[in-house]
Amino acid sequence: MAGTVHVVGAGLAGLAAAVRLAGRGVPVVVHEAAGQAGGRCRSYHDPALDMAIDNGNHLLLSANHAALAYLATIGAAHGLVGPEAADFAFMDLASGERWTLRINAGRLPWWILAADRRVPGTTALDYLPFARLLYAAGDKTICEAVDCAGPLYERLARPLWLAALNTEPREGSAALAGAIVRETLAAGGKACRPLIARDGLGPVFIEPALRYLGAHGAKVQFGHRLRALDFAGDSVAALDFGEDKLTLAAGDGVILAVPPVVAADIVPKLTTPLQFRAIVNAHFRLVPPAGLAPIIGIVNGTIEWLFSFPDRLSITISAADRLLDVPREVLAERLWTEVATVTDLPKALPPWQIVRERRATFAATPGENAKRPAAKTTWSNLFLAGDWTATGLPATIEGAIRSGNRAADLVGRM
Ligand SMILES: Cc1cc2nc3c(=O)[nH]c(=O)nc-3n(C[C@H](O)[C@H](O)[C@H](O)COP(=O)(O)OP(=O)(O)OC[C@H]3O[C@@H](n4cnc5c(N)ncnc54)[C@H](O)[C@@H]3O)c2cc1C
């Protein structure tokens, strides 16, 4: 190809595609409907807390090689921080028990043989059936493939899959859970180190990417919402933004990196996932107690993960649709009571904010997973990207970035 690539959508999928192409010297224009980049992965100033927060706590693992390579390219690799080893602190709110899961670095999983490293109440043999997920058929749910009961399930497998798939394991895709197990637990502790953008998603994932694009001559147009595509024969002929229309030249390409509902509206006969699951985050402004683990998994509570940042404590609840209609004040009190128990802090509610993302990710069920389209379309110059396309992973930063990379590679071969 010799032309310009138009990337529609400046979420991580679109940014990854644009960064890869711009880095190769391809002329790129990014068109973003909103006034800022980042999509579902963004930071903003919250007036209630008078501080910058993220729309949601985003956990990555050291296995996320595409995300790490993207950050290295845009010069932000130092922005992801985490412990040297794959250690995960947990607390059971029902029993008060605390433990630390300590996954050894190598592929041979001897941590499951060590009682002080594995989940309390489990034996080494309990872990073996989970290997079945590695070969699970596409139409199976997690709980059809493995036994969803017992301490190993309640204290490790359920929290892991619920967080990774944002879908209850009884309806979650066994194949997608298997992909997570293959890339993380089965690859050893060196692939399981938890990583967070301590200084915020914007400063780590988004702003350096925009600077990189600027430095490589790519244009980013905000407030530029694609309304429709004009087709001619087997290709896209023009991008219709309502007030302006952009006619493509021969050799120009388009990467559509918008959410599935928008893509389905714009691309004729496109099949996409159409069911979603919510994520609820709550942020509490205070300086966390010294020595608190950076991430704590919570079992038998409403809160599921507690993140400790220098100026706040934040919690995450996945597949949280049941909480969307709970009054905010009621929810804040309920969540803080649990945080206070985990951290031994006073029960008085500190300044707080609750962020409920209704359509945080597509529902990672076998049925919805089967609807994910490939990056290639029937139009020779149109490619799809997004965490909801057929990446083989659940809706994650890693999946979004891999999809953007793939679309960039395909448009480059046009
Ligand atoms: C609360 C929350 C917590 C999460 N936690 C994690 C986590 O812990 N770990 C993890 O890996 N992932 C997590 N995720 C998932 C992760 O954020 C997403 O997978 C990723 O950000 C998706 O990127 P994307 O580019 O595919 O889509 P999006 O971010 O949705 O980007 C699409 C972009 O297209 C733009 N757009 C829409 N319509 C148009 C149009 N017509 N014209 C132009 N532009 C348009 C949108 O404004 C948006 O910027 C979480 C998500 C949420 C919401």
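For the structure, check the block above.
Residues numbered from 1 in each chain as written. Predicted model: local features only at pLDDT ≥ 70, side-chain atom pairs only at ≥ 80, totals over all residues. Heavy atoms only, no water.

(A) The site of the ligand, seen in detail. Glu32, Arg40, His58, Leu59 and Asp387 are the nearest of the 35 residues found near the ligand. Between a nitrogen atom of the ligand and a main-chain N or O atom of Asn57, the distance comes to 3.5 Å. At 2.7 Å from an oxygen atom of the ligand is found a main-chain nitrogen or oxygen belonging to Leu59. Computed on the free molecule, the ligand has an accessible area of 1000 Å², of which 93% lies beneath the protein chains in the complex. Broken down by class, the residue content of the shell around the ligand amounts to 17 nonpolar, 13 polar and five charged. (Near = heavy atom within 4 Å. Polar contact = N/O pair within 3.5 Å; in protein donor to acceptor, adjacent residues only side chain to side chain. Areas by Shrake-Rupley, 256 points an atom, 1.4 Å probe, with all protein chains shown as cover. Nonpolar A, V, L, I, M, F, W, Y, C, P; charged D, E, K, R; others polar.)

(B) Focus on the pattern of salt bridges. Enumeration over the complete set of coordinates arrives at 16 salt bridges. Linking Arg155 and Asp92 is a salt bridge whose minimum nitrogen-to-oxygen distance equals 3.1 Å. Of this pair, Arg155 sits in helix 4 (residues 151-165) while Asp92 sits in strand 7 (residues 86-92), placing them 63 residues apart in sequence. Across the pair, exposure class does not vary: Arg155 and Asp92 are buried alike. Between Lys371 and Glu368 there is a salt bridge; the shortest N-O distance is 2.6 Å. Overall, the relative accessible area of 29% leaves Lys371 in the partly exposed class. (Salt bridge = Lys/Arg side-chain N within 4 Å of Asp/Glu carboxyl O. Helix = DSSP H or I, 4+ residues; strand = E, 2+ residues; numbered from the N terminus. Buried < 20%, exposed > 50% of the residue type's maximum accessible area, 1.4 Å probe, protein only.)

(C) Quick look at the sheet that holds strand 7. Taken in spatial order, the seven strands make up an open sheet running 8-7-16-17-18-15-19, and their pairing is mixed. A strand with exactly one partner marks an edge of an open sheet, and here the two such strands are strand 8 (98-103) and strand 19 (352-362). Strand-to-strand twist across the sheet, computed as the mean angle between neighbouring axes with direction ignored, equals 25°. Strand direction decides the pairing type here: strand 7 and strand 16 (residues 295-299), joined by four bridges, are parallel. Its bridge partner being in strand 16, Phe90 is matched across the sheet by Gly297. Helix 8 (residues 328-343) rests against strand 7, strand 8, strand 15 (276-285), strand 16, strand 17 (305-309), strand 18 (312-317) and strand 19 of the sheet, and its axis sits at about 100° to strand 19. (Pairing = 2+ DSSP bridges. Axes fitted to C-alpha atoms, helices over the stretch in contact; angles between N-to-C directions. Contact = heavy atoms within 4.5 Å.)

(D) Broad picture of the sheet that holds strand 11 (residues 228-232). With respect to topology, three strands assemble into an open sheet ordered 11-12-13, the strand pairing being antiparallel. The sheet is open, and its two borders are formed by strand 11 and strand 13 (245-247), each paired with just one other strand. Adjacent strand axes in the sheet meet at a mean angle of 30°, parallel and antiparallel pairs treated alike. Note that strand 12 (residues 235-240) and strand 13 share three bridges and pair antiparallel. Bridged to Asp240 within strand 13 is Lys245.

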